[in-house]
Amino acid sequence: MSLTRRSLLSATVYGGFAVILSANSRAETPGVRATRILQSKPANGRREPPVITCLATQPGGNLVAVGGDDHLLRIWNVRTGEMVHTVAGHRDWIRAVQFVPGRDEIVTAGNDRRLLRWTLSAGGIAHREIARHDQVITSVALNSAGGRLAATGFEPRMSLYDLNAYRLVTHIDCPCRDMRTTAFSPDGDALASAGRKDKIRIGAVDDLKHVRDIEAHAQRIRALAFSPDGRHVASASEDRTARIWNIATGEPVAKLSTGSAKILSAVYLNDHHLATGGSDNMIRVWDVGQEELSDTLIGHTGSVTTLATNGTLLISGSFDTTVRVWHPLDEVNQADRRSGANETLH
């Protein structure tokens, strides 16, 4: 996809990436102060840049790690637009990526059924294989301490690893063979997973016991996200809804409906606002307490497959081959201060 087809004001190339500023980004994105669009050049032997299927933000930092269908891991600084690394290691589509909390390390996985651990240093980046699965890996999650790694995919079980020892701890039964998402609670005590079947499975990490299944959606669940306070988990589904659930009781708290778009990604911006990405190329910011739409971020030209936040910025990745950087959090926090953020979620 060429830059000329994007009708953009300007494009500057930084180390193999095009950092693109839209001529009317304010008009396109209500409530957003600025938009930066980053797009890689096609890898050798490819005509098009990679579609983006996963990304993760560095905790407390400015780095974003991105994976897609060209098998390469790309890392860039979203503040400066500088591409930091483009590295090979996977032999097929990268489906999942996460930074290891408290370390300059990244974990990736994908269609080649391999879990890789990458170490960043001033001299470059190197990887080591953690494990190989029998089937495609679609999702990975790390607890807040960075010592436990959960991985799931196209098999009816989740694998839980001791990341420090490169050791499999146990397998945990999953609701189906087509698992798409897994997430640790902020305190690391709970682990949620979901996929093609309409259930969310909640487990306790300390004793590895199954706590409950939540009958959540009518179609495949694509994403799970815990609220920062750990009280709720949001689920995003192809049934065109995102739902909020009480972790302690399993009861529904809120239902958010796009009307027509499948919801493919989700991330909490704070305890009161959830961002979701859809098959209609749009990002929606929801006030979960009021169960209403706060803002709509427009600009992507393909399904929004992945979302992440570093606490200041919202980062999105799409099938349109771009990563976009948004600034909705100041407006969200101002709205919370105006309202007192006193809505009660049970």
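Read on for an overview of the structure. (Residues numbered from 1 in each chain as written. Predicted model: local features only at pLDDT ≥ 70, side-chain atom pairs only at ≥ 80, totals over all residues. Heavy atoms only, no water.)

Moving on: the overall build of the protein. Helix and strand counts for the protein stand at two helices and 30 strands. In the protein, which comprises 346 residues, the share counted as buried stands at 58%. Sequence separation of at least 24 residues holds for 43% of the intrachain contacts in the protein that already meet a minimum separation of 6. As displayed, the protein offers around 14,200 Å² of accessible surface, 45% of which is attributable to carbon and sulfur atoms. (Helix = DSSP H or I, 4+ residues; strand = E, 2+ residues; numbered from the N terminus. Buried < 20%, exposed > 50% of the residue type's maximum accessible area, 1.4 Å probe, protein only. Contact = heavy atoms within 4.5 Å. Areas by Shrake-Rupley, 256 points an atom, 1.4 Å probe, with all protein chains shown as cover.)

Here the focus is the sheet that holds strand β4 (residues 52-57). Read from one edge of the open sheet, four strands run β4-β5-β6-β7, paired in antiparallel fashion. With one partner strand each, in any of the chains shown, β4 and β7 (83-88) form the two edges of the open sheet. The mean angle between the axes of side-by-side strands here comes to 20°, regardless of whether they run parallel or antiparallel. Relative to strand β5 (residues 63-68), β4 is paired through five bridges, and the arrangement is antiparallel. (Pairing = 2+ DSSP bridges. Axes fitted to C-alpha atoms, helices over the stretch in contact; angles between N-to-C directions.)

Right, let's get into a negative patch on the surface. Together, Asp187, Asp189, Asp206 and Asp207 line one region of the surface with negative charge. Relative to the elements of secondary structure, Asp189 occurs in the loop between β16 (179-184) and β17 (190-195). (Patch = residues over 30% accessible without salt bridge, like charges linked within 9 Å, V, L, I, M, F, W, Y side chains within 5 Å. Salt bridge = Lys/Arg side-chain N within 4 Å of Asp/Glu carboxyl O. Lys, Arg positive; Asp, Glu negative; His and termini not counted. Charge placed at Lys NZ, Arg CZ, Asp CG, Glu CD.)

A few words now on the pattern of salt bridges. Scanning the entire structure with this criterion turns up 19 salt bridges. Residue Arg114 is joined to Glu129 by a salt bridge in which the shortest nitrogen-to-oxygen separation is 3.0 Å. With Arg114 in strand β10 (residues 114-121) and Glu129 in strand β11 (residues 124-132), this pair connects stretches of sequence that are 15 residues apart. What makes Glu129 partly exposed here is its relative accessible area of 29%. Shared partners join several salt bridges into a network, and the residues in it are Asp178, Arg180, Arg196, Arg220, Arg222 and Glu238.

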